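Structure assessment
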Amino acid sequence: NAFLDAIERLDGQINSFITRTPEQARQAARQADEAIAKGQAKALTGIPLGIKDLFATKGVRTTAASRILGDFTPPYESTVTQNLLDDGAVFLGKLNLDEFAMGSTNLTSAFGGVENPWKRHGSDAKLVPGGSSGGSAAAVAAGLCLGATGTDTGGSIRQPAAYCGITGIKPTYGRCSRFGQIAFASSLDQAGPMARTLQDCAILLESMAGFDPKDATSVNQPVPRYEAALGRSIKGMKIGIPREYRVPGMPADIDKLWQEAASWLKAAGAEVVDISLPHTKHALPTYYIAALAEASSNLARYDGVRYGMRAERPSLDEMYEATRAEGFGEEVKRRILLGTHVLSSGYYDAYYLRAQKVRTLIQRDFLRAFEEVDVILTPTAPSGAFAWDEKPTDPVQMYLNDVFTVPASLAGVPALSLPGGLDSQGVPLGLQLIGRFFGEEDIIAAGHVVE
Ligand code: GLN
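Scoring rules and cut-offs
- Note that residues are indexed from 1 along each chain, following the sequence as it is written.
- This being a predicted model, a pLDDT of at least 70 is required before a residue's local features are given, and a value of 80 or more before pairs of side-chain atoms are given or counted; all residues contribute to the totals for chains, interfaces and linings.
- UniProt positions are given in the numbering used here, feature names are shortened, and annotations may be inferred rather than shown by experiment.
- The pairing criterion for strands is at least two bridges between them, as found by DSSP.
- Think of it this way: any DSSP run of H or I at least four residues long counts as a helix, any run of E at least two long counts as a strand, and we number them from the N terminus.
- We call a crossover right-handed when, viewed with the strands running away from us, the connection from the first strand over the helix to the second turns clockwise.
- Throughout, a pair of residues is in contact if the C-beta atoms placed from their backbones lie within 7 Å.
- Here a residue counts as buried when 20 or more other C-beta atoms fall within 10 Å of its C-beta, as exposed when 12 or fewer do, and as partly exposed in between; the C-beta atoms come from the backbone.
- Orientation is described by lines fitted to C-alpha atoms, with helices fitted over the stretch in contact, and by angles between N-to-C directions that extend from 0 to 180 degrees.
- Convention used here: angles under 35 degrees read as roughly parallel, angles over 145 as roughly antiparallel, angles from 65 to 115 as roughly perpendicular, and any remaining angle as oblique.
- When the near helix sits turned anticlockwise from the far one by under a right angle, the crossing is termed left-handed; a clockwise turn instead gives a right-handed crossing.
- Charged residues are taken to be Asp, Glu, Lys and Arg, nonpolar residues to be Ala, Val, Leu, Ile, Met, Phe, Trp, Tyr, Cys and Pro, and polar residues to be all remaining types, Gly included.
- Think of it this way: take the backbone, place a C-beta atom on it, and check whether that atom is within 6 Å of the molecule or strand, in which case the residue is near it.

Taking an unreviewed UniProt entry as the reference, the protein is identified by name as Glutamyl-tRNA(Gln) amidotransferase subunit A belonging to Formicincola oecophyllae. Heading Sequence similarities (unreviewed entry) of the UniProt record for the protein holds this comment: "Belongs to the amidase family. GatA subfamily." Taken verbatim from the UniProt record of the protein, the Subunit (unreviewed entry) comment is "Heterotrimer of A, B and C subunits."

In structure tokens, the structure reads:
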């Protein structure tokens, strides 16, 4: 009731929920009470969570923050949310995001932007929560839920976590099932937890993760007790600082925080070394070719025939055109067009195929680095949260914000973001720890020292 009241009181302004489910939440909470009374409590019994509106939830509207799915109610449950329900979690509703998870501000949602609960010193300007999991990050930061699910294709868990001063983990690709998670770029999409502390994230991840025969890319490997990695000694652990992440124009506050974090890890007994990830500069163009190509193919299914919105027209072709013209927002259309272009014959070799090859080189950079170090430390983003009206009008300028998060996504390795402190304007800044394949426990152990 306290969380439902907080949502009632604060979310008119924050706008982090697209759909609220107070009745279902109260009923689940009563069941949790009974389970506790019977001594049958599980890991998440009675824990109130918000669910990013990219996860299919049976009988509860699931929109992907798009008009095209505006009144779509799935007849089935995603594996990740089913895993959380099986562990006793209580869902409060569905959280806002950038449309189809495409963006870094949560301003591309068809259900309105999300307001970051943080403010700059002495300013009333509305700040973005980051994206695409902006509703998840803002809801957790404002205390509207204890934790939330996020999804990360190129930074969508880590960057909003950083902007809202919370913690988020993008697990190794294949760790969480993608079944029932609305697809953006299938070779990159990965679900993960967002919460106030690393401990909460570790508990949530343990519940969300696991093999699922319904997702061919989910990995059949036992799920460790992530929580046990908290407090584990990092004496002798090797931490790499990639020199290519020292980008020109990075704010001094972020550079300072990065150096401080390295010294905290050193003080805890880790060895900090300089490393090189030589193909880093190609990560952004590679991501914005590979991800958009996959998106254009994945979004072909929204045709007004099978499900979702339909704009009635006299002929089939006109119906397709009108449905997609009215149903998709501007950023989604831009990406479908770019993705279709790089896949078209005549451009396929020059763009798509080339991007696949460069992706392999980027992955090899990480494999080579992890022969030498256990964990890589970087800032999460090249800026803190900016004001709604400071969002770059040039889309390419906006894409540059993802510079530190896309490389780990392309490589498929796990990465987390932790709150590092505040910048001179009082806005949170995030630190990123990247681990080797299935090295979640290493980044959790190192993260706990920084936390
Ligand atoms: N900001 C990136 C993009 O716009 C990442 C989004 C994501 O991870 N879903 O594509």
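What follows picks up the thread again.
**With respect to the pairing of strand 7 (residues 238–242)**
In the sheet, strand 7 pairs with strand 8 (residues 271–275) via five bridges, with the strands oriented parallel. Bridge pairing in strand 8 places Ile 241 opposite Asp 274. Tracing the backbone out of strand 7, into helix 7 (residues 252–267) and back to the parallel element strand 8 gives a crossover that is right-handed. The pairing of strand 7 with strand 9 (residues 375–379) spans two bridges and is classified as parallel. Within strand 9, the position partnered with Gly 240 by the bridge is Ile 376.

**Points about the environment of Gly 174**
Inspection of the secondary structure puts Gly 174 in the loop between strand 5 (167–170) and strand 6 (190–195). With 41 residues separating them along the chain, Gly 174 and Asp 215 place their C-alpha atoms 8.7 Å apart.

**What about the environment of Val 450?**
Along the chain, Val 450 falls in helix 14 (residues 440–450). With 377 residues separating them along the chain, Val 450 and Thr 73 place their C-alpha atoms 41 Å apart. When neighbours within four sequence positions are excluded, Val 450 is seen to be in contact with Ala 261, Trp 264, Leu 265, Leu 418 and Leu 431.

**Points about helix 14**
Extensive coverage of helix 14 is indicated by the burial of eight of its 11 residues. Turning to helix 14, its buried residues number three or more, namely Glu 440, Asp 442, Ile 443, Ile 444, Ala 445, Ala 446, Gly 447 and Val 449. As for helix 14, its buried residues are in contact with helix 6 (198–208), strand 7, helix 7, strand 9, strand 10 (415–422) and strand 11 (428–435).

**Observations regarding the packing of helix 8 (residues 283–298) against helix 11 (residues 348–372)**
In a pair of packed helices, the angle between the axes and the distance between the axes together describe the arrangement. Across the interface, helix 8 lies against helix 11 with an axial gap of 9 Å and an inter-helix angle of 125 degrees. Between helix 8 and helix 11, the crossing angle belongs to the class labelled oblique. Pair helix 8 / helix 11 crosses with left-handed handedness. Residues Ala 283, Thr 286, Ile 289, Ala 290 and Ala 293 of helix 8 form the contact with helix 11, whose participating residues are Tyr 351, Tyr 352, Ala 355, Gln 356, Val 358, Arg 359 and Ile 362. Here the contact of helix 8 with helix 11 is built from residues that sort into nine nonpolar, two polar and one charged.

**Digging into the site of the ligand**
Residues in close proximity to the ligand total 13 residues, the closest being Ala 101, Ser 104, Thr 153, Gly 154 and Ser 156. Residue composition of the shell around the ligand, by class: four nonpolar, seven polar and two charged.

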